[in-house]
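What the coordinates show
Listed below, chain by chain, are the residues.
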Amino acid sequence: MPTLPTWVLKYKTKGIYVKKTKNGYALYRGHSERVEGKAYPVFRCDEYLGIVTEKDGLVPSRPPVKGDVRVLRYGLCQVAQASCSVLRKNPRRLDLDADTLYVRAVLGFEGRESQAGYEGSWLSILFPGLDLDRGLGEREAQFLPNLRRQVVSKLEDSFGPDGRQLLSLCADLYAVHVNGRWHLSGLSEPLRRLASRHSVSLELGGRHGI
């Protein structure tokens, strides 16, 4: 390939490939692999990233949105999972509906304890199929106030001096489902650092990455 301009080279990192076009330089994320019958590796494109021009820099690809877009509150759910999930053990041991009680308590901390609040939260992914409109049994209703206090205590005290900032930043972290995949929106660098410091998983992966 001919020598690339310096304004293109800064985008050409490991795994990034460049192709000259009439509008600029197209960037691709890809890899090379051996193919039977070929004497040389063949390039495979994993993702088209956009066009680089000297004037505008990288102009990202903007694929059309297909189907519905779903946005869920994500950050607090993950912080609660890190600090409060152990609180489900006691109601489970007492043969109560531990998931519903836990979800109600976390949503109550947000001020969104309703079916609509549940359906707009990542909790609806972690604990699918709950009906928050149903009435609680007598034992559940007696247990819930204590669980609420425990959730508040855990969320406010588990992260020491970082707690207030962590909770504030995670309130702006959302999971967005678009074009068949989940993405994170609002993951700032300060939030990433605090989450890492306190072992709060914010990644959309494992059993939580739907």
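Here is a short report on the structure shown in this document. This one's a predicted model, so the numbers in the text were calculated from it and none came from an experiment. (Residues numbered from 1 in each chain as written. Predicted model: local features only at pLDDT ≥ 70, side-chain atom pairs only at ≥ 80, totals over all residues. Heavy atoms only, no water.)

1. A few points about helix H9 (residues 189-197)
Among all positions in H9, only Leu 191, Leu 194 and Ala 195 are buried. Taken around the axis of H9, the buried residues stretch over an arc of 100 degrees, which confines them to a single face. Residues of H9 that are exposed and point more than 90 degrees away from the buried face comprise Ser 196 and Arg 197. Residues of H9 that are buried sit in contact with helix H8 (163-170). Ser 199 sits one or two positions beyond H9 and adopts a positive phi of about 55 degrees. (Buried < 20%, exposed > 50% of the residue type's maximum accessible area, 1.4 Å probe, protein only. Helix = DSSP H or I, 4+ residues; strand = E, 2+ residues; numbered from the N terminus. Arc of directions from axis to C-beta. Contact = heavy atoms within 4.5 Å.)

2. Focus: the environment of Asp 162
Position of Asp 162 among the secondary structure elements: in the loop between helix H7 (138-157) and H8. Its relative accessible area of 16% is what places Asp 162 among the buried residues. Each C-alpha atom of the pair Asp 162 and Arg 197 lies 9.6 Å from the other, and the pair is 35 residues apart in sequence. In contact with Asp 162, not counting residues within four places along its chain, are Leu 194, Arg 197 and His 198.

3. Remarks on the environment of Leu 49
With respect to the helices and strands, Leu 49 occurs in strand S3 (residues 42-53). Through-space distance from the C-alpha of Leu 49 to that of Arg 62 is 8.9 Å; in sequence the pair is 13 residues apart. Residue contacts for Leu 49: discarding those within four places in its chain leaves Ile 16, Leu 27, Tyr 28, Arg 29, Leu 58, Val 59, Pro 60 and Ser 61.

4. Let's talk about the nonpolar core
Of all hydrophobic cores here, the largest spans 40 residues; its most connected members are Val 79, Tyr 102, Val 103, Trp 122, Leu 123, Val 151 and Leu 155. A per-element tally of this core places helix H4 (residues 98-110) first, with 6 residues. Contact partners of Leu 155, with chain neighbours within four places excluded, come to Leu 76, Val 79, Ala 80, Ser 83, Cys 84, Phe 109 and Leu 167. Listed in part, the 8 residues of the second largest apolar core include Leu 4, Ile 16, Leu 49 and Val 52. (Core = buried A, V, L, I, M, F, W, Y, C linked by side-chain atoms within 4.5 Å.)

Read these as spatial facts, not as claims about activity.
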